[in-house]
Amino acid sequence: MNESQTQQPLVRRAGAADAESLVQLRALMLSAMGTDVGGPDAPWRIGARKWFAEQLASPDTFAAYVVEDPDAGVVAGAAGNVHAHPPGPHDASSVRGHLYNVSTHPDFRRRGLAKACVVALVDWFRDETAVGQIELHATDDGIDLYRGLGFTESRFPTLRFRTTTA
């Protein structure tokens, strides 16, 4: 193991200049999940870049944490936002957190980078928002990471209804 693999990763909060990197990480994640993401000029990337730029301008309701390699640039990240949700008997807060876009470039996997980004994001939710619960959708590859951090399966499965075909 070389020296860079034994050091703790330097995680930082993403800023306005990181919108493109978040799109690239999203493409890596979606591709790893079996989705055809198209090339670098795929139309969805334009919308995603704009969306991330807008979200990054709303630091009270959105945060992304990234790890940047000096040579390769941003190589890992996780994002999350706060959304309104009605209080209930097990969560009196009126907001929930949604954690997503957890991804690591293949050349940098198995070094704890995604975990470090998720931990930073969970800390943000806990310390800087009024979120009572954090939700996520886990892949088979990522579920053990989340379980290890204290996430548990919901009793109710996620269902989806698409209103558009795009």
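No experiment lies behind these values; they were computed from the predicted model shown.

Asks: What should I look at first to understand unusual backbone geometry in this one?
Replies: Negative phi values dominate among residues other than glycine, just as trans dominates among peptide bonds. With a phi angle near 60 degrees, Asn101 is a residue other than glycine that sits in the positive phi range. Mapped onto the elements, Asn101 comes out in strand S4 (residues 95-104). Classification of Asn101 by relative accessible area gives buried; the value is 2%. Even without a glycine there, the phi angle at Arg110 is positive, about 65 degrees. Checked against the element boundaries, Arg110 lands in the loop between S4 and helix H4 (113-128).

Asks: What am I meant to see in helix H2 (residues 19-32) here?
Replies: Residues lying three or four places apart along an α-helix face the same way, a consequence of the helix completing one turn every 3.6 residues. Compared with the 20 Å implied by 1.5 Å per residue over 14 residues, the 20 Å span of H2 between its first and last C-alpha is a close match. Looking at H2, one finds that the buried residues are Ala19, Ser21, Leu22, Val23, Leu25, Ala27, Met29 and Leu30. Against the buried residues of H2 lie helix H3 (43-56), strand S2 (62-69), strand S3 (73-84) and S4.

The rules behind these values
- Residues numbered from 1 in each chain as written.
- Predicted model: local features only at pLDDT ≥ 70, side-chain atom pairs only at ≥ 80, totals over all residues.
- Heavy atoms only, no water.
- Helix = DSSP H or I, 4+ residues; strand = E, 2+ residues; numbered from the N terminus.
- Buried < 20%, exposed > 50% of the residue type's maximum accessible area, 1.4 Å probe, protein only.
- Expected span 1.5 Å × (residues − 1).
- Contact = heavy atoms within 4.5 Å.

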